[in-house]
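Fold and geometry: a report
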Amino acid sequence: MSDWWTERKQNQQLSNLESEMSYARQEASSLRSQLSRIQGSLQSRVDSMSRAFDAFVELSDLRHETAGFVAAAELRRYATRVLSAMASGTELPEPVAPVARYWLSPATQALISLHASTPDEQAISAAMELDQRRTSIYLSLALAVLGQRHQVQNEWLDVAFGVPAADGTLTRVQRVLWTTAARGGFGADGLELVVKRLQSAASPDGGWLSRLEIRGSSSRSNGPRLKATEEQDEAAYRLSRIRNAVETILGNTEAREPDPDLNYPETRKTDSTPDDTKSSRRGAKASAEAEKEPEDSAAAMLRLLISEGSEPERETLARIAVLRARVSGAAESEAQTLDDSAGTVDALLTEDLGLSSDPHLATAALRVVGPLVLPAVETVARTAELPAPSEVSIESGVHTITVRADGPDQLELGKATSSLTASAGVTTTGQRATPIALLVGGAVVAIGLGLLLHWFWIVVGLVVMAFGLNSYVKLRGAVNADKTRAAGEVTTLNERCATTATALATYLNNTDARKAAIAEDLATIRHQLTT
């Protein structure tokens, strides 16, 4: 007994020890996993710090290279202050010394003269000679955000926008010029110029009709519908949806006036008390708003354009921007340039067309795709105007019934009805033989064997006769049910014929009204998309 008890205690201790070892193994595995993650995280941090340090060292070296461009840096700060002063209606800052061969110097003087409505043609020409594209971008966007779109010349906008790439890709500056034009920054002529450039790059078969149709809504007509006119009905319904989409987009009155958010940030302040304290507060507020300005805004593009620097320092400044992003831990892609890709024309048009929250962009996108989508709209209208059939057919088993506006063909309907009722409730000899055989057999057993041999056979015979009677009742029920089914099918067929005849008559009677509605929808869409 004591040996058994000792052995049991030892087994329990071994079991406990095994459990503790298993737990220890799990803990060790978890610690190894955590250590691996920590090592990976530490290595990643070390690599990141190493890259940041290398970038900082290179950045320090590059700053020495920019020491010779102090005047250019001061000019850039001056140009930024000029824009802020013009936007806020305050006094312009003191001029700085001009920088030779730097387009921003005469361009800023040109902007000042244009803002004062006394254009300095010499300054404009000098800036254009130094860098026609950047000067055109600068003057176009600056005048747009300062609310002087009437002074933007189409020649500048033409040079600034350029031509979309062969693959339909737009640069960041082209996208900003597009959105600025859509928001009323360049007036009607400027918007028309941008629209034509985008039309030349948009896909003619870009599925614009379905994308436009998504913006619309319409209700389908109630009542029975004919299968033979499904194509016309669907086309008419789509045409109604397209008209609604066009009217929804172009009917938004907000898009008829320039977007107030287009203005340079300083013009969107409500605090305008002209004292020193509030002036400094306005400056801080303007800086905060500038930081929050969307990347695709005209104001942000002006800041990016100014920050590029002069030609000799442009590459260095671009490298400095990349290094700063690396030091701060931001993505290097945040170091933007004018010619960064903004996406394809098709993708941007699709995005703008679906922007119910931005009527300016949606309206501009519709102006671009309008001529492209119009041929598809006319195809839908031609389908909707297909002539109505004079008669339709209804299938009933192997029979086809012709239905006209005045009703179904009675001969064909009679044949189909006879076919349904002729075989209903008909029983075969085999079906009738079973209950008859049971009744006769039961009677023979009950009478013959029961009277001659034993009363037990009378009971057996009655049971057999009961089975026979039950079989006969079921057969009669099946016959009646089959006749009822056939009668129901005949009724349903007659109702189908009557309903189809009524629908066809209604469809034919409404032909003129339907064609008038289709013509009105098409005329409205065509007018909206071409004017």
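In short, a report on the structure. Numbering of residues starts from 1 in every chain and runs along the sequence as written. Given that the model is predicted, a residue must reach a pLDDT of at least 70 before its local features are reported, and side-chain atom pairs must reach 80 or more before they are shown or counted; all residues, however, enter totals for whole chains, interfaces and linings. Note: side-chain values were computed over all heavy atoms of the structure, leaving out hydrogens and water.

As for the overall build of the protein chain
Put simply, the test is: Elements are defined by DSSP. Helices are runs of H or I of four residues or more, strands are runs of E of two residues or more, and each kind is numbered from the N terminus. Working definition: with a 1.4 Å probe on protein chains only, accessible area under 20% of the residue-type maximum means buried, over 50% means exposed, and in between means partly exposed. We call two residues contacting when some pair of their heavy atoms lies within 4.5 Å.
Of regular secondary structure, the protein chain possesses 19 helices and five strands. Considering the protein chain as a whole, with its 531 residues, one finds that 37% of them fall into the buried category. A fraction of 74% describes how many contacts in the protein chain between residues 6 or more apart in sequence connect residues 24 or more apart.

Observations regarding helix α15 (residues 359-384)
Note the cut-off: Helix span, as expected, comes to 1.5 Å for every residue beyond the first. Here the bend at a residue means the angle between the axes of two seven-residue stretches, the one that ends at it and the one that starts at it.
Here α15 is 26 residues long, yet its end C-alpha atoms lie only 30 Å apart, well below the 38 Å a rise of 1.5 Å per residue gives. Remark: the principal bend of α15, roughly 55°, maps to Gly370, with a proline, Pro371, within the next four residues.

Remarks on the sheet that holds strand β5 (residues 407-408)
Going by this rule: Pairing between strands is defined by DSSP: at least two bridges between them are needed. To obtain an axis, a line is fitted to C-alpha atoms, over the contacting stretch when the element is a helix, and the angle between two such axes runs from 0 to 180 degrees between their N-to-C directions.
Read from one edge of the open sheet, three strands run β3-β4-β5, paired in antiparallel fashion. The sheet is open, and its two edges are formed by β3 (391-396) and β5, each paired on a single side. Sitting on the sheet, helix α16 (residues 410-422) is in contact with β3, β4 (399-404) and β5, with an inclination near 145° to β4.

What to know about the side chain of Thr171
Relative to the elements of secondary structure, Thr171 occurs in strand β1 (residues 169-171). A relative accessible area of 17% means that Thr171 is categorised as buried. Those residues in contact with Thr171, other than ones at most four positions away along the chain, are Leu338, Asp339, Asp340 and Ala342.

Describing the nonpolar core
For the record, the criterion: Within this scheme, the nonpolar core is defined by two criteria: the residues are buried Ala, Val, Leu, Ile, Met, Phe, Trp, Tyr or Cys, and they are joined through side-chain atoms within 4.5 Å.
In terms of nonpolar packing, the biggest core is built from 89 residues, with Leu111, Tyr138, Leu141, Leu212 and Leu349 touching the most fellow members. Sequence-distant contacts of Leu111, defined by excluding residues within four places in its chain, comprise Leu83, Met86, Tyr138, Leu139, Ala142, Leu143 and Leu146. Core analysis: the next-biggest nonpolar cluster, separate from the first, contains 15 residues, Ile394, Leu413, Ala416 and Ala501 among them.

A look at the environment of Leu305
Here Leu305 shows up in helix α12 (residues 298-307). Each C-alpha atom, one on Leu305 and one on Val173, is 9.2 Å from the other, the two residues being 132 residues apart in sequence. With residues up to four places along the chain from it excluded, the contact list for Leu305 reads Trp103, Arg134, Ile137, Tyr138 and Leu338.

Brief notes about the pairing of β3
Residues Val392, Ile394 and Ser396 point to one face of β3 and are all buried, whereas Glu391, Ser393 and Glu395, pointing to the other face, are not buried. Here β3 runs beside β4; their pairing, made up of six bridges, is antiparallel. Among the inter-strand pairings, Glu391 is bridged to a residue of β4, identified as Arg404. In this structure, the hairpin formed by β3 and β4 is closed by a connection of two residues, where Gly397 is found at a positive phi of approximately 65°.

Quick notes on the side chain of Arg241
Its place among the elements puts Arg241 in helix α10 (residues 230-250). According to the relative accessible area criterion, Arg241 is buried, its value standing at 18%. Arg241 has contacts with Glu213, Ile214, Gly216, Ser217 and Ser218, leaving out every residue within four places of it along the chain.

Details of the packing of helix α6 (residues 154-161) against helix α7 (residues 172-182)
So the rule is basically this: Residue type decides the class: Asp, Glu, Lys and Arg count as charged, Ala, Val, Leu, Ile, Met, Phe, Trp, Tyr, Cys and Pro as nonpolar, and the leftover types, Gly among them, as polar.
Where α6 meets α7, the closest approach of the two axes is 9 Å, and the angle between their N-to-C directions is 140°. Contacts from Leu157, Ala160 and Phe161 of α6 reach α7 at Gln174, Leu177 and Trp178. When its residues are assigned to classes, the contact of α6 with α7 shows five nonpolar, one polar and no charged.

With respect to unusual backbone geometry
Of note in this structure, Arg101 is not a glycine but carries a positive phi near 60°. By the element assignment, Arg101 lies in the loop between α2 (70-88) and α3 (104-115). Judged by relative accessible area, which is 69%, Arg101 ranks as exposed. Even without being glycine, Ser117 reaches a positive phi, approximately 60°. Within the element layout of this structure, Ser117 appears in the loop between α3 and α4 (121-130).

Some words on a nonpolar patch on the surface
Our working rule: For patches, a residue must show more than 30% relative accessible area and have no salt bridge; joins then use 9 Å for like charges and 5 Å for nonpolar side chains, namely Val, Leu, Ile, Met, Phe, Trp and Tyr. Accessible surface area values rest on a Shrake-Rupley calculation with a 1.4 Å probe, where residue burial reflects the displayed protein chains alone. Should a side-chain nitrogen of Lys or Arg be within 4 Å of a carboxyl oxygen of Asp or Glu, the pair is scored as a salt bridge.
Together, Leu469, Tyr472 and Val473 make up an exposed nonpolar region whose accessible area comes to about 290 Å². Looking at the element boundaries, Tyr472 is found in helix α18 (residues 456-509). The class for Tyr472 is partly exposed, based on a relative accessible area of 42%.

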